[in-house]
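Survey of secondary and tertiary structure
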Amino acid sequence: RPAPDFQCLDDAIPKATWKDLVNPAGESYPIGMWVNDWPSGHLAAVVAQILIQEKLGFKVELKGPGGVVDGFFALTGCVFPTNSVDRGCNASTTYIHINVEVWTSTYSG
């Protein structure tokens, strides 16, 4: 989901100057943020997206949504994190870097 055309903060960094991440091979892409599929998960992701873009000046792309376990697979670079049959975990680059609301207390170690 791309960033909206308007900015929320009065002192926001202009959208035209937002930067992508660049890996050692020269590939550029936005920060990927996993969205957990419940109301506060969506809200937390959008608030973090706004702050990172408008205060830090980096592009953020929201990915998902899915559950907590899917989000962990996404963070490790799996390209199909919501597919429990084949999550596609052979990628060398991860495009999802942040997950802002995770509830792990229900999972045993």
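Quantities reported herein were computed from a predicted structural model and do not represent experimental measurements.

With that settled, the discussion passes to the pattern of salt bridges. Overall, the coordinates contain four salt bridges when judged by the stated rule. The partner of Asp 20 in a salt bridge is Lys 59, with the nearest N and O atoms 3.6 Å apart. Taken as a pair, Asp 20 in the segment before strand E1 (21-22) and Lys 59 in the loop between helix H1 (39-56) and strand E4 (60-66) lie far apart in primary sequence, 39 residues in all. Classification of Asp 20 as partly exposed rests on a relative accessible area of 24%. Overall, the relative accessible area of 34% leaves Lys 59 in the partly exposed class. Glu 61 is the salt-bridge partner of Lys 63, the closest N and O atoms lying 3.6 Å from each other. Since its relative accessible area comes to 27%, Lys 63 is described here as partly exposed. For Glu 61, a relative accessible area of 28% puts it in the partly exposed group.

Note that predicted coordinates carrying low pLDDT should not be read in detail. Confidence in the prediction for the chain averages 92 pLDDT; 93% of positions are at 70 or higher. Taking the mean pLDDT of every element in the chain, the minimum, 94, falls on helix H2 (residues 68-75) and the maximum, 98, on E1.

Conventions adopted
- Residues numbered from 1 in each chain as written.
- Predicted model: local features only at pLDDT ≥ 70, side-chain atom pairs only at ≥ 80, totals over all residues.
- Heavy atoms only, no water.
- Salt bridge = Lys/Arg side-chain N within 4 Å of Asp/Glu carboxyl O.
- Helix = DSSP H or I, 4+ residues; strand = E, 2+ residues; numbered from the N terminus.
- Buried < 20%, exposed > 50% of the residue type's maximum accessible area, 1.4 Å probe, protein only.
- pLDDT = per-residue confidence, 0-100.

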